[in-house]
Amino acid sequence: ADIFEISCHLSEDTLGPSCANAVYCRSMIVDWGYNGTQFEADMERIASITERETQEMRYSPSSSNSDGGSSDGGQAAWARSLAENNFVWQRATSVHPHMMLGYP
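In this convention, every chain numbers its residues from 1, walking through the sequence in written order. Local features in this predicted model are restricted to residues whose pLDDT is 70 or higher, and side-chain atom pairs enter the listing and the counts only when it is 80 or higher, whereas totals over whole chains, interfaces and linings include all residues. Hydrogens are left out, water is left out, and the side-chain values use all remaining heavy atoms of the structure.

A.B. asks: I would appreciate a short explanation of a nonpolar patch on the surface in the present structure.
C.D. replies: Patches were defined on residues exceeding 30% relative accessible area and lacking a salt bridge, with like-charge contacts within 9 Å and nonpolar side-chain contacts (Val, Leu, Ile, Met, Phe, Trp, Tyr) within 5 Å. For the accessible areas, the method is Shrake-Rupley and the probe is 1.4 Å, while residue cover comes only from the protein chains on display. Throughout this description, the term salt bridge denotes a Lys or Arg side-chain nitrogen within 4 Å of a carboxyl oxygen of Asp or Glu. Nonpolar side chains collect at one region of the surface, where Ile 3, Ile 6 and Leu 10 lie side by side and expose about 360 Å² of accessible area between them. The secondary structure listing takes helices from DSSP runs of H or I that are at least 4 residues long and strands from runs of E that are at least 2 residues long, numbered from the N terminus. When you line up the elements, Ile 3 lands in helix H1 (residues 2-10). For the exposure calls, accessible area comes from a 1.4 Å probe over protein chains only, and a residue counts as buried if that area is under 20% of its type's maximum, exposed if over 50%, partly exposed in between. Overall, the relative accessible area of 67% leaves Ile 3 in the exposed class.

Here you go:
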């Protein structure tokens, strides 16, 4: 957990996978410091990472170019094929859904 925490700190909390892995490792060994004070900080970090990545990595099909041209690299056709969705992910978030099970 310490190596991931160092990596997270050096990236100024912008490297989601390292920050999430530090929390995950502490959760697996139940190491939340004196009187569990790290637990609350970890839960805030998970929420912060998830909120930031949700804003950065969601793609809204309704915002794509709908003229069918190739200037968007096929994004418009792809978006139309997923029209029933409100949004799609560009990649998975760093925080695994099971990590949220402990979220109060």
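Having seen the model, we can carry on.
A.B. asks: How should I be thinking about the pattern of salt bridges in this particular structure?
C.D. replies: A side chain with one charge may pair with a side chain of the opposite charge, provided their charged atoms come close. Taken as a whole and assessed by the stated rule, the structure comprises 4 salt bridges. Across the pair Glu 5 and Arg 26 runs a salt bridge whose closest N-O atoms are separated by 3.1 Å. In this pair, Glu 5 sits in helix H1 while Arg 26 sits in helix H2 (residues 16-28), placing the two residues 21 residues apart along the sequence. What makes Glu 5 partly exposed here is its relative accessible area of 23%. By relative accessible area, which is 8% here, Arg 26 ends up buried. A salt bridge links Asp 42 to Arg 26, with the nearest nitrogen and oxygen atoms 2.7 Å apart.

In short, shape yes, function no, at least from these values alone.
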